[in-house]
Amino acid sequence: MLKFQVHSPGKVILHGEHAVVYHRPALAAVVGLGTKLRFHQQDGSQVASFQLDALNCTLEIQLPEFNAFLADFRSKYPADSTAKLLEAVRAEVAKQLEQSAGSSTKPHTQRAFISIYYLLAGAVLSSPKDAKLTLQTGFQVQVDSELNVGAGLGSSASFGAALATAFLILAGHFDSDSYLQEENQALISTWAYESERVNHGTPSGLDNTVCTYGGMLRYVKGQGFQSLRIQKPLNILLVDSRVSRSTADIVAKVRHLAEGFPQLIEAIWQACEELVTAAVPLYESFGNAQDDSAKFEKLERLFQINNDLLKAIGVSHPKLEQIFTIAFKRGFFSKLTGAGAGGYVIVLLPENYECNEVYWKLKEELESAGFGVHVTTAGGEGLRVSPLDD
């Protein structure tokens, strides 16, 4: 019986938030926090069961009904018709949820079910092993996440990449030992992007790419991605402000500001681009030991400058300002990440930070103030698959 586990990391935007919307470069990196998916088949079962701990729910797909859906779709459309498939899946999931739970299903749960059904159907329909493949053996999937939903850490892309990997293995696209081959990583990223379409409509493609491949990426909207050749991950403290917000609302607010003061805001976007240009060689050379201290100090200054630019466009928040103040008081540099107006703050941590008494005081003060604190890295490994112990 097939069984394995997938770890799919989340991401942070290091530089270029908001400016990236206006075709300026951004730098993104995977973080050590992520999504863990456990998969195992169940002999004799005709049910695919999904336990989603982050949403506190369990979803089920009856395989006979799923196979009937596949047969109906194959009779109407080509197997690679993803646009038609998503449309058909939305209708099928709506019908099933109406039958089982009426209209009481929460939006997050609905989107999760659509992503699951869509990715599973897509993997099976495009199976290289059998053009008429059906699922005859049930399985159980458990998904745990360290990423808060809607907080700017790429939780939906991480979820989608983990699901895509599991379903592509199940449908015979590749096995759990060959997922790192270039064409297989590209396939995972493509289907993770399709999952992002369910959640965000027209995603940039940044989140699914960095979650799949790992490391750090430079991204320009409409121009693709460039991987940075970093020497080692960066130590960071992720601080959760515990303030929820709407990314769409914040982007709209910034756009309104840009329309009112076009030359001024254009100058800020230009400064953000120059900042990314200055940051890339620092990230790529940091970790060589030579002049690391001086490079780290430059990164600290860039964090401060970037944060001040983001404040200038009005995307800070009193809780974020409290985090900045606590960090600066202890000698640490920080910036908001993502849309702002809540969400997370990144605090840069030096080498051997664990030996620094001031670090522990910083962590204690942030926790005492009610913030969530996670010590992790930026720029580590991407998605990975490993055996699942009994």
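These numbers come from a predicted model, not from an experiment.

What counts, and at which threshold
- Residues numbered from 1 in each chain as written.
- Predicted model: local features only at pLDDT ≥ 70, side-chain atom pairs only at ≥ 80, totals over all residues.
- Heavy atoms only, no water.
- Pairing = 2+ DSSP bridges.
- Helix = DSSP H or I, 4+ residues; strand = E, 2+ residues; numbered from the N terminus.
- Domains from an automatic or database assignment.
- Contact = heavy atoms within 4.5 Å.
- Buried area = accessible area lost by both parts, 1.4 Å probe.
- Axes fitted to C-alpha atoms, helices over the stretch in contact; angles between N-to-C directions.
- Parallel < 35°, antiparallel > 145°, perpendicular 65-115°, else oblique.
- Left-handed = near helix turned anticlockwise from the far one by under 90°.
- Nonpolar A, V, L, I, M, F, W, Y, C, P; charged D, E, K, R; others polar.
- Expected span 1.5 Å × (residues − 1).
- Buried < 20%, exposed > 50% of the residue type's maximum accessible area, 1.4 Å probe, protein only.

Colleague: Tell me about the pairing of strand S7 (residues 224–227), and name the residues and values.
Modeller: In this structure, strand S6 (residues 216–220) lies alongside S7, joined through four bridges in antiparallel fashion. Counted as the bridge partner of Tyr219 is Phe225 from S7. Hairpin connection, S6 to S7: the antiparallel pair is bridged by three residues, and Gly222 has positive phi, about 85 degrees.

Colleague: Hey, could you go over the domain arrangement of the protein chain for me, with residue numbers and the actual values?
Modeller: Per the domain assignment, the segments making up the protein chain are domain 1 (3–228 + 381–387) and domain 2 (234–377). Here domain 1 and domain 2 have C-alpha centroids that lie 29 Å from each other. Across the contact, 25 residues belong to domain 1 and 37 residues belong to domain 2. Both sides together, the interface formed by domain 1 and domain 2 hides about 2,600 Å², and carbon and sulfur atoms give 63% of it.

Colleague: Can you tell me about the packing of helix H4 (residues 155–170) against helix H5 (residues 182–200), naming the residues and giving the values?
Modeller: When two helices pack together, their arrangement is captured by the angle between the axes and the distance separating the axes. At a closest axis distance of 8 Å, the pairing of H4 and H5 adopts a crossing angle of 130 degrees. Here H4 is positioned oblique relative to H5, judged by the angle of their axes. Our pair here, H4 against H5, has a crossing hand that is right-handed. On H5, the residues that touch Ser156, Ala157, Gly160, Ala161, Ala164, Thr165 and Leu168 of H4 are Leu187, Ile188, Trp191, Ala192, Ser195, Glu196, Asn199 and His200. Its residues assigned to classes, the contact of H4 with H5 shows eight nonpolar, six polar and one charged.

Colleague: Talk me through unusual backbone geometry; I want residue IDs and the actual numbers.
Modeller: At His18, a position not held by glycine, the phi torsion is positive, near 70 degrees. Mapped onto the elements of the fold, His18 is located in the loop between strand S1 (3–15) and strand S2 (26–42). Residues other than glycine seldom take positive phi values, yet Ala341 does so here, at roughly 55 degrees. Mapping Ala341 onto the fold places it in the loop between strand S9 (334–337) and strand S10 (344–348).

Colleague: So, the pairing of S9: which residues are in play, and what are the values?
Modeller: Sheet analysis places S9 next to S10, joined by four bridges and oriented antiparallel. The residue of S10 that forms the bridge with Leu336 is Val345. Counted between consecutive antiparallel strands, the loop separating S9 from S10 contains six residues, among which Gly338 sits at a positive phi close to 85 degrees.

Colleague: Describe helix H3 (residues 107–125), with residues and values.
Modeller: If you check H3, its first and last C-alpha atoms are 27 Å apart, about what 19 residues at 1.5 Å a residue would give, namely 27 Å. Counted residue by residue, H3 has 15 buried out of 19 residues, so it is predominantly covered.

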